[in-house]
Amino acid sequence: MALDAFFFIRVLIFPGFTFILFFTMFCDWVERKIEARMQNRVGPAVAGPHGILQPLADFMKLLTKEDIVPLDAKQILFKVSPIISFSVLVFAMSLLPIDGSSAIPDASFSGDLIFIMALVTIANFLLFLSGWASSNPYGSIGATRVLTQFLGYDIPLMILALGPAFLAGSLSIAGIAAGQFLPFIVLAPWAFVLFVITLQAELEKDPFDIPHADSEVVGGLETEYCGGKLAFLHLTRDVQIVFGAALVVELFLGGPYGPVFFGVPEFWYTLWFVLKLLVVVVISEYLTTLFARLRIDQVVTANWKILLPLSLAAFALTVALGVWVYPMLV
Amino acid sequence: MSNTAIDIVDILQTKFKDTLVQVQPAQLGKATVLANSSTHRDVLKVLLEADERTAVSAITGIDLITTIGVFYHIRTAKGGIITIKTEVPKEGPRINTISDLIPGAAFHEMEVADLLGVVFVGNPSSGRLVLPDNWPDDVFPLRKDAKLDNLKMKDAPSGETEPSGETNTVKIIVGPQHPALLEPEKFALKVEGEIVKGVEPRIGYVHRGVEKAAESRTYLQDVYLVERICGICNTCHASCFVETVEKILKTEVPPRAKYIRTILLELNRLHSHLLTLGHAGLEIGYETLFQYFWRDREPIMDITEIITGNRVISSSLTVGGVRSDINETDIPKIKTMLANLRKRLPFYKRIYADEPSLKMRMRNVGTLKRADALALCIVGPTARGSGVDIDVRKDEPYEAYGEIPFKVITRDSGDTWARMNVRMDEVEESINIIEYALDHLPTGPFRVRAPRVVPAGEAVNRVEAPRGELFYYVKSNGTAYPERVKVRTPTFANIPAFLKTAIGGNIADVPANFVSLDPCFSCTDR
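Residues numbered from 1 in each chain as written. Chains lettered and ligands numbered in written order. Predicted model: local features only at pLDDT ≥ 70, side-chain atom pairs only at ≥ 80, totals over all residues.

Caption draft 1: Geometry of the overall build of chain A. The helix and strand tally for chain A stands at 14 helices and zero strands. Secondary structure of chain A in N-to-C order comes out as α-α-α-α-α-α-α-α-α-α-α-α-α-α. Projected onto its principal axes, the C-alpha coordinates of chain A cover approximately 65 × 50 × 45 Å. Taking all 330 residues of chain A together, the buried fraction comes to 50%. Sequence-distant contacts in chain A: of pairs separated by 6 or more residues, those separated by 24 or more amount to 79%. (Helix = DSSP H or I, 4+ residues; strand = E, 2+ residues; numbered from the N terminus. Buried ≥ 20, exposed ≤ 12 C-beta atoms within 10 Å, placed from the backbone. Contact = placed C-beta atoms within 7 Å.)

Caption draft 2: Local environment of the overall build of chain B. What chain B contains, in helices and strands, is 17 helices and 15 strands. Relative to the 2.2 N^0.38 estimate, which gives 24 Å for 526 residues, the radius of gyration of chain B is 23 Å and therefore close to what a compact globule would have. Here the C-alpha coordinates of chain B stretch approximately 60 × 60 × 50 Å along the principal axes. Among the 526 residues that make up chain B, the fraction classed as buried is 51%. (Rg over C-alpha atoms; globule rule 2.2 N^0.38 Å.)

Caption draft 3: Broad picture of the environment of S476(B). Residues and elements named next belong to chain B. Along the chain, the position of S476 falls in strand β14 (residues 468-476). Residue S476 is classed as buried on the basis of its 23 C-beta neighbours within 10 Å. Discounting residues that sit within four places of it in the chain, S476 has contacts with I248, V454, P455, A456, G457, E458, P482 and E483.

Caption draft 4: Main features of the sheet that holds strand β13 (residues 457-465) of chain B. Residues and elements named next belong to chain B. Reading across from one edge, β13-β14-β15 is the order of the three strands in this open sheet, with antiparallel pairing throughout. Only two strands of the sheet have a single neighbouring strand rather than two, namely β13 and β15 (482-488). Adjacent strand axes in the sheet meet at a mean angle of 15°, parallel and antiparallel pairs treated alike. Sheet topology note: the β14/β15 ladder contains six bridges and is antiparallel. Residue pairing for β15: S476 is matched across the bridge by P482. (Pairing = 2+ DSSP bridges. Axes fitted to C-alpha atoms, helices over the stretch in contact; angles between N-to-C directions.)

Caption draft 5: A look at the domain arrangement of chain B. Residue and element names in this part refer to chain B. Looking at the assigned domains, one finds that chain B contains domain 1 (2-121) and domain 2 (210-524). Distance between the C-alpha centres of domain 1 and domain 2: 26 Å. Domain 1 puts 19 residues into the contact, and the matching count from domain 2 is 20 residues. Of all elements in the fold, only β3 (55-63) and β5 (80-89) reach the threshold of two or more residues within the side of domain 1 that touches domain 2. (Domains from an automatic or database assignment.)

Caption draft 6: Broad picture of helix α3 (residues 105-116) of chain B. Residue and element names in this part refer to chain B. Taking 1.5 Å per residue as the helical rise, α3 with its twelve residues ought to reach 16 Å, and the 16 Å between its terminal C-alpha atoms agrees with that figure. With twelve of twelve residues buried, α3 is to be regarded as a mostly interior element. Among the residues of α3, those classed as buried are A105, A106, F107, H108, E109, M110, E111, V112, A113, D114, L115 and L116. Buried residues belonging to α3 abut β3, β4 (67-76), β7 (119-121) and α15 (490-502). The positive-phi residue at the C-terminal boundary of α3 is G117, with phi of around 75°. (Expected span 1.5 Å × (residues − 1).)

Caption draft 7: Representation of the sheet that holds strand β9 (residues 186-192) of chain B within the structure. Residues and elements named next belong to chain B. Strand order in the open sheet formed by three strands is β8-β9-β10, with antiparallel pairing between adjacent strands. Every other strand in the sheet has two partners, leaving β8 (169-174) and β10 (195-202) as the edge strands with one partner each. The mean inter-strand angle of the sheet, taken between neighbouring strand axes irrespective of direction, is 20°. As paired strands, β9 and β10 are joined by seven bridges and run antiparallel to one another. In the sheet register, K186 faces β10, and the bridge partner there is R202.

Caption draft 8: Highlighting the interface of chain A and chain B. The interface is formed by 22 residues belonging to chain A together with 22 residues belonging to chain B. Elements that contribute at least two residues to the side of chain A that touches chain B include exactly α10 (214-217) and α13 (296-324) of chain A. A per-class count over the side of chain A that touches chain B returns nine nonpolar, five polar and eight charged. (Nonpolar A, V, L, I, M, F, W, Y, C, P; charged D, E, K, R; others polar.)

Caption draft 9: The arrangement of the pairing of strand β1 (residues 22-25) of chain B in detail. Examined bridge by bridge, β1(B) and strand β2 (residues 31-34) of chain B share four bridges and lie antiparallel to one another. Following the sheet pairing, Q22(B) is matched in β2(B) by L34(B).

Caption draft 10: Geometry of the pairing of β5(B). Residues and elements named next belong to chain B. Counted residue by residue, β5 has eight buried out of ten residues, so it is predominantly covered. Pairing geometry for β4 and β5, over ten bridges, is antiparallel. Within β5, the position partnered with T67 by the bridge is P89.

Caption draft 11: A look at the environment of N124(A). As for its placement among the helices and strands, N124(A) is situated in helix α5 (residues 112-132). Once you skip the residues sitting within four places of it in the chain, N124(A) turns out to touch V146(A) and F150(A).

Caption draft 12: Summary view of the environment of L203(A). Residues and elements named next belong to chain A. Residue position: L203 is located in the loop between α9 (189-202) and α10. For the pair L203 and H234, spaced 31 residues apart in sequence, the C-alpha to C-alpha distance is 13 Å. Once residues lying within four places of it in the same chain are set aside, the contact partners of L203 are Q240, I241 and G244.

Caption draft 13: Looking closely at unusual backbone geometry. Residue E204(A) is not a glycine yet carries a positive backbone phi of 55°. In this structure, E204(A) sits in the loop between α9 and α10. Classification of E204(A) by C-beta neighbours within 10 Å gives buried; the count is 24. A positive phi angle is found at K250(B), which is not glycine, with a value near 55°.

Caption draft 14: Spatial organisation of the packing of α5(A) against helix α6 (residues 137-168) of chain A. All names here are of chain A. Across the interface, α5 lies against α6 with an axial gap of 8 Å and an inter-helix angle of 175°. Accordingly, the angle class assigned to the pair α5 and α6 is roughly antiparallel. Contacts between α5 and α6 involve L113, M117, T121, N124, L127, F128, G131 and W132 from the former and G139, S140, G142, A143, V146, L147, F150, D154, M158, A161 and A165 from the latter. Of the residues contributing to the contact of α5 with α6, the split by class is twelve nonpolar, six polar and one charged. (Parallel < 35°, antiparallel > 145°, perpendicular 65-115°, else oblique.)

Caption draft 15: Quick look at the confidence of the model for chain A. With 98% of its residues at a pLDDT of 70 or more, chain A shows a mean pLDDT of 86. Considering each helix and strand of chain A separately, the mean pLDDT is smallest for α10(A), with a value of 72, and largest for helix α3 (residues 54-64) of chain A, with 91. (pLDDT = per-residue confidence, 0-100.)

Caption draft 16: Region of the structure containing the packing of α6(A) against α9(A). Residues and elements named next belong to chain A. Viewed as axis vectors pointing N to C, α6 and α9 meet at an angle of 155°, and their least axial separation amounts to 9 Å. The angle between α6 and α9 falls in the class roughly antiparallel. With respect to the hand of their crossing, α6 and α9 are arranged in left-handed fashion. The segment α6 lies against α9, with Q149, F150, Y153, P156, L157, L160 and G163 engaging A191, L194, F195, T198, L199, A201 and E202. Residue composition of the contact of α6 with α9, by class: ten nonpolar, three polar and one charged. (Left-handed = near helix turned anticlockwise from the far one by under 90°.)

Structure (structure tokens):
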């Protein structure tokens, strides 16, 4: 790949870093607004029209705050892990085909689904380290909960992601997105439902938001963080949510490809991608408002005893239908 | 109801006929028993044998100038209070504990030990409960001769000590500042993995010395002082206090005032129950439930404002009646608001009865068995959730409760879910009571003039506050200032339930379990 202006514009502005950053903040606003309306509240209303600039305002405010590092904390780990975690997630995001191809040109290779999932695990592990490094009991407990949860839920998530990969006959995300003659939500709805539930746990949202149970572990891994580092932790979490939704879009909703398509293809690809992603965000937020938080042992039990066998069964069903039934439809 | 009570007094009189123990019927509740620092246990044993539901309502410590009085207010099942009076010398006050007979007394004894310096021989807990760690050893605030100026504080012990010897145990401090506690108290949890192995309570972080302050204010001022003990159940405190004073004064309150007080008390209950039903949602991460409940709680505060002019602290009660009448033109408005709330109730009831994630967090969490609830002297919805049907409104009707039909709600499972569902159903009962009271509001005056100076005497009184039985003991010395005001709040009585049920549970269950007691530390720390 050539390091020219085109490369930098794609990586840094659109559909790369800047786009991902502001889109993340927009999704955050959508989430907050929807949650507020469902809870009979107003939600963000001051910064910008209908409070649309509130996530940006929050981010800026945190950046201006005093940044304190506890003396007991593991200094380097405590300082760098939020930023590295954020960077890894944005990097993973820029490997997804957003406007038809990924933000980093020609980055797609066969098997990048596995690679991207590994990146997310690394980002999660860095989050764990950031809590662990803060030398605070609440931080440590919150961090351990993150670890317990994502280690468990990564397995069914991976298994469920293999279903679409099998149907499309490709392990690359671009290949899976392009290989959906019918969105896989139609061909394998069971896998979609399970994937969204598992993702809810991966993203630590209700009913699985135990690492953020403020009545039990105060701020969880964020307890000792403030200022700019807290801003990045919040941003990491928001990017995580967008990334999770993007994964659903690529695997089950046909990626950036949509029914209406003329003129500039990049415009339509982006539009479909964004619209689909917002639908997933709304579904996820709907689940969040609907449930109470489960307990950690219930979450772990739900993973190993329910979701893991179910996801295996879903995968088997997908494979069976993919081998014997769906070829007849084409 | 009264048969059992007379029986108990009879039993006491026959049992202690030729001993030093004197039984005086119809004093301080149903009867007063004069005992000494060892025979009080015999009296309690007789009471416990007579009825399994006998429990300690409160233990009052009082400085009698030459001696220190320790009064045990024992609640007999349905028959009201029997007071066992003992006196101990001022120098080296020692008395045998009753906590081996009834474990719930231990907590009450600790408070008396702290504030009056009485040593309860055999009490299992050591250390302080209310006073700070650096409080001097020889100053007891509730003694009349306590010199509270220029206190010389001790050196405070250095921080928290890690449990020694138990390598797998981690001490997790919940409080004094913690998001699960809206008010400052401390509970040190000993945790192994995610399982709680022990709880050490420490209260008193916002202790305001209301009992002491009440002694230097007139009765009229005290009404507004005790009202400020708790922001939520303020009318309950005011009502309990004025009723106690009215008992000493032998003032008969006009019926209209009784009904208005009943309405205000039930508005308090609605306010409190809706608040805690929502707050429980917050503790288990069910934010939507919290937002919904708190929205529907707003009209209750509006109704309080319509009636009294104040949204929270109503300041509407006074000795001899209430300070303002209900305007007849407001009644239809109030009824409409209550009807609107009633329409929302089936939805909430369905959520508390059926919502799966809520049930997963509340079923079989913090289970308090009926026997434990009785032994620990638990009160209010917490006891009713364990199948103990105590409710002062029915057991010893005050104000207009004797004339208004309502049900006492109980559940048998004793877990967090049962306690919350008791409250859920009580919301509906409260609406019924208010509507009935509004329909049957008697005409006539809403207050009578009561003298400012109260003749010498003493009285006890109980009110069913939203969190359970609220207990007041007032002693008058014939002036405009009370000699002693003892307040035992329901949360204080219910903390042992948390200490009992948290052990063996998951640490994630601690907030849900705790909030199901509807704790109010503002009450606990008077």
